[in-house]
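# Per-entry structural report
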Amino acid sequence: MLTKNKASLFVGTLLLSLAVSGCTTVSEAEAPQSGDASASAAAETTTLGVDEAARALLPEEILEAGVLTVASDPTYPPFEYYDTDNKTLIGWDIDMGDALGQVLGLEVKHVPATFATILPGLTSGKYHLGMSTFSVTEERRKAVDFVPYLQGGTGLAVAPGNPHQLAIEAATLCGKSIAVQKGSIQSLDVLPKFSTECTKGGDPAIDMQVFPTQNDANLALTSGRVQGVIADSVSLAYQGELAGGKFELAEGPDYEPELTGTALDKGSDLLPAIQAATSVILESEAYGQINDKWGLPESTEITISDVVLK
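Residues numbered from 1 in each chain as written. Predicted model: local features only at pLDDT ≥ 70, side-chain atom pairs only at ≥ 80, totals over all residues. Heavy atoms only, no water.

### Observations regarding a negative patch on the surface
Which entries qualify depends on this criterion: Patch membership is restricted to residues that have no salt bridge and whose relative accessible area is over 30%. Joining uses 9 Å for like charges and 5 Å for the nonpolar side chains Val, Leu, Ile, Met, Phe, Trp and Tyr. Working definition of accessibility: Shrake-Rupley area with a 1.4 Å probe, residue cover restricted to the visible protein chains. What makes a salt bridge here is a side-chain nitrogen of Lys or Arg within 4 Å of a carboxyl oxygen of Asp or Glu, nothing more. In this tally, Asp and Glu contribute negative charge and Lys and Arg positive charge; neither His nor the terminal groups of the chain are included. To locate a charge, the coordinates of NZ of Lys, CZ of Arg, CG of Asp or CD of Glu are taken. Helix and strand assignments come from DSSP, with helices taken as H or I runs of at least 4 residues and strands as E runs of at least 2, each series counted from the N terminus. In this scheme, a residue with accessible area under 20% of its type's maximum is buried, one over 50% is exposed, and one in between is partly exposed, where area comes from a 1.4 Å probe on protein chains only.
Taken together, the side chains of E60, E61, E64 and D269 make up a negatively charged region of the molecular surface. Looking at the element boundaries, D269 is found in the loop between β12 (255–265) and α11 (271–282). Assessed through its relative accessible area of 55%, D269 is described here as exposed.

This is the structure we're talking about:
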């Protein structure tokens with residue numbers, strides 16, 4: 001999503017608002033600090049009214065229950081993480097989930113979950129929605145449906161000054177130890193693809209280190225156990241700045257920007273309602289306000305033409 005300079009600009013602006021609110025990173029490389037105000041109060045967003053046309057698309061059992069259960073992995077700021085009380089889920093996906101609830105006239109129950117377990121949890125009926133910055137890929141679409149809400153790409157986090165001169169390209173990563181979160185598109189597709197390029201060219205494979213959470217992957221970098229981390233570029237830039245500059249986003253464009261969005265069980269009766277509600281949000285002031293609140297650049301925004309996947 002971002003070049004290094006753009007990342008520094010938007011994260012610097014966000015840090016100013018977070019300093020006022022007392023919010024801190026959830027990275028294990030930085031100990032949580034107390035604050036008087038919640039990050040969720042750092043900026044107000046427009047309260048959306050119920051859209052009756054979207055609500056009419058809800059399955060009867062959801063209407064009767066009046067609750068949407070939304071799963072997120074709270075280790076991925078600014079999209080989902082714990083507030084300073086270490087209990088309250090906050091972030092972009094949390095606000096977007098709440099906005100969906102407002103449009104559909106439903107209570108939203110946010111549930112913390114390990115990233116790799118969320119999609120299986122949808123297919124087993126444990127959750128209604130998965131909102132954890134899921135990249136929309138053809139492989140994932142075989143198992144679940146998606147309603148896009150953003151777009152972005154993969155970035156590479158490195159130690160300050162990039163001592164190993166790494167970049168998001170296979171030639172610089174061959175033989176290096178690179179951390180990644182289990183179940184992410186980077187662990188399933190990007191890094192294995194790069195490693196194959198290395199071995200086909202006669203170079204050593206990438207030493208792919210897979211961790212259960214993004215916090216663990218980041219800690220492996222700051223402790224010197226790996227030379228880099230790949231993940232969503234916006235999240236890496238945000239986490240690096242909030243970790244006091246212990247790591248930074250490597251120079252260069254994002255790798256293969258793509259849509260990200262809300263995940264649902266394949267063939268879910270909820271899909272039309274979520275598509276309609278997402279379209280309402282994208283056309284409202286709330287969408288831009290949520291993006292501004294969490295420091296996302298305009299390049300991540302999509303239009304309603306992207307909501308229904310072909």
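Right, picking up where we left off after that structure.
### Some remarks on the packing of aromatic side chains
To be explicit about the condition: Paired rings are identified among Phe, Tyr and Trp, the last through its six-membered ring, by centres lying within 6.5 Å, and are further divided according to the angle between planes into stacked (under 30 degrees), edge-to-face (over 60) and tilted (the rest).
Going through the model one piece at a time under the given rule, you end up with 6 aromatic pairs. Geometrically, the ring pair formed by Y81 and W294 is edge-to-face, given 6.1 Å between the ring centres and 85° between the ring planes. Taken as a pair, Y81 in strand β3 (residues 80–82) and W294 in the segment after α12 (285–293) lie far apart in primary sequence, 213 residues in all. The class for W294 is buried, based on a relative accessible area of 1%. Look at F115 and F134: their rings are 4.7 Å apart centre to centre, the planes differ by 25°, and that puts the pair in the stacked class. Here F134 lies in strand β6 (residues 129–135) and F115 lies in helix α5 (residues 115–123), a separation of 19 residues in the sequence.

### A look at the nonpolar core
The condition is simple: Buried Ala, Val, Leu, Ile, Met, Phe, Trp, Tyr and Cys residues form a nonpolar core when they are joined through side-chain atoms within 4.5 Å. Note on contacts: a residue pair is in contact if any heavy atoms of the two residues lie within 4.5 Å.
Ranked by size, the top nonpolar core spans 55 residues in total, and within it L68, W92, L104, L129, L270, I274 and I281 carry the most contacts. With residues up to four places along the chain from it excluded, the contact list for L104 reads V50, A54, R55, L58, L68, A273, I274 and A277. Counting 17 residues, the second largest nonpolar core, distinct from the first, contains V158, V180, L191 and I206.

### Remarks on unusual backbone geometry
Trans peptide bonds make up most of the peptide bonds, and negative phi angles are found at most residues other than glycine. With an omega of 5°, the peptide bond running from P77 to P78 counts as cis. Looking at the secondary structure, you find P78 in the loop between β2 (75–76) and β3. In this structure, Q165 is a non-glycine residue whose phi angle is positive, near 55°. By secondary structure assignment, the location of Q165 is in the loop between β7 (144–158) and α7 (170–173). On the accessibility criterion, Q165 (59% relative accessible area) is exposed.

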